[in-house]
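Coordinate analysis (summary)
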Amino acid sequence: MPPIMLRVFPHRPHVAAIPDRPVRTGIAGRAALGWAGWIWGPTAALLLIVLWASHSFAADESRGESPPNAAAVRVLVIYHSRHGNTEKMAIAVGEGVQRVPGVSVRIQRVQETTKEDLQAADGLVLGSPTYFAGVAGEMKMRIDDWNWKWKVDFTDKVGGAFATGGGQTGGKEQTVVSLLLFMLNNRMVVAGPLYQDAEGEDIWGEIGASAMTGPLDPGVGEGEIDSGRRLGERVARLAKRLRSDAPSR
C-alpha cells in the first residue's frame, strides 16, 4: 500500500512528464535543413521543422502518464493531535480510504484546514483526542468556526469520526458521538466501520473508531489501526455511492 503524505495541499492539474528530445544538430540534420531551404525556401524549411517537432512531441506525449480524474470523489481526514496518537489513527483512516478505487484522500491538521478544503470534500472524517471525556478544545473551537464564521454547506456529505484517549472508559465514545452530532446538525450523513465474524454470518457496525493510548495500553495497536482503516473505507464507499447517485455538478 503506498504511503500517505500528511499536509497534502489542494489539487493541482497534473502535467505528464515528457522527456526532452534533443534537436538534430549533426551533419545530417544541417544537411536536411539546408536542402529544404534550397528547394522550397525559408518558409518551407520552417514548416518542415514545425511538423517534425509536432510529431516528436505527440509521440512522447503518448508515453506520458494520464492526468488524474478531476471528478474523483474526495475524502478529507482532519484531526488534532498533541502526542502523535490521533495522527496515527488519521493515517490509518486514510489508508482505508485508499482501498476504494476512484476516491482520493487528504489528511491534514484541523489548524491547516480552509473553507475551500471543506467545500471540495465529498466525505469528511474528524478525529480528536479525548480531554476530560470530550472533544479537545482546539478541535471544538475550529469546527465551530466552520459553521458560525465560514458558513460551509455540509449538506449530504458523508461523515465519520474517531478518537483517542488514555483510559479504558475515559470518554472516547463520547468524543466520537460529539463529532457525529456536529455532523448531523450540519445536515451530513454519518457512518461507522463495519465488522463481521470469521464465518461472515454476523455483521455489525460501530459508531466510529478509537484507540486507548494511556499507561494500561500505550500507543496505537494493530487492532485500533484496523478500526481506523475500516472507518475510512466505509466513508469512502458511501461518499462514492452518493456522488454517483447525485445530479451532475
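Refer to the structure presented above.
Each chain has its residues counted from 1, running along the sequence as written. Residue-level local features of this predicted model are given only where pLDDT is at least 70; pairs of side-chain atoms are given and counted only at 80 or more, and the full residue set underlies all totals for whole chains, interfaces and linings. To obtain the side-chain values, all non-hydrogen atoms of the structure were included, while hydrogens and water were left out.

**Looking at the pattern of salt bridges**
Short version of the rule: A carboxyl oxygen of Asp or Glu within 4 Å of a side-chain nitrogen of Lys or Arg is what we treat as a salt bridge. Secondary structure is summarised from DSSP: a helix means a run of H or I of at least four residues, a strand means a run of E of at least two, and numbering begins at the N terminus for each.
Applying the stated rule across the entire model yields 11 salt bridges. One salt bridge connects R99 with E233, and the closest N-O pair in it is separated by 3.1 Å. With a gap of 134 residues between them, R99 in the loop between helix 3 (85-97) and strand 2 (103-109) and E233 in helix 7 (residues 222-245) connect regions that are remote in the sequence. With a closest N to O distance of 3.1 Å, R142 and E138 form a salt bridge.

**Quick notes on the packing of aromatic side chains**
Rules: Note on aromatic pairs: the rings of Phe, Tyr and Trp (six-membered ring only in Trp) are paired at centre separations within 6.5 Å, and the planes decide the class, stacked below 30 degrees, edge-to-face beyond 60, tilted for the rest. Three exposure classes are used, based on accessible area relative to the maximum for each residue type with a 1.4 Å probe and protein chains only: buried under 20%, partly exposed in between, and exposed over 50%.
Under the definition given, this model contains four aromatic pairs. When the centroid spacing of 6.1 Å and the interplanar angle of 65° are considered together, the rings of W146 and F182 count as edge-to-face. Here F182 lies in helix 6 (residues 172-185) and W146 lies in helix 5 (residues 137-148), a separation of 36 residues in the sequence. The residues W146 and F182 share a single accessibility class, namely buried.

**Looking at the side chain of S81**
Cut-off, in case you're wondering: Residues count as neighbours in contact if any of their non-hydrogen atoms are within 4.5 Å of one another.
In this fold, S81 is placed in the loop between strand 1 (73-79) and helix 3. S81 sits in the buried class, given a relative accessible area of 8%. The contact partners of S81, leaving out residues within four places of it in the chain, are T86, E87 and R109.

**As for the nonpolar core**
For clarity, the cut-off: We define a nonpolar core as any set of buried Ala, Val, Leu, Ile, Met, Phe, Trp, Tyr and Cys residues linked to one another through side-chain atoms lying within 4.5 Å.
Membership of the largest hydrophobic core comes to 24 residues, with the highest contact counts inside it found for V75, V77, V103, V125, F162 and L231. Every element with two or more residues in this core is listed here: strand 1, helix 3, strand 2, strand 5 (158-165), strand 9 (209-212) and helix 7. A136, W146, A163 and M183 belong to the second largest nonpolar core, which has 22 residues in total.

**A few points about the environment of V93**
With respect to the element layout, V93 can be found in helix 3. Take V93: its relative accessible area is 0%, and that puts it in the buried class. A sequence separation of 132 residues divides V93 from I225, and the C-alpha atoms of the two residues are 8.1 Å apart.

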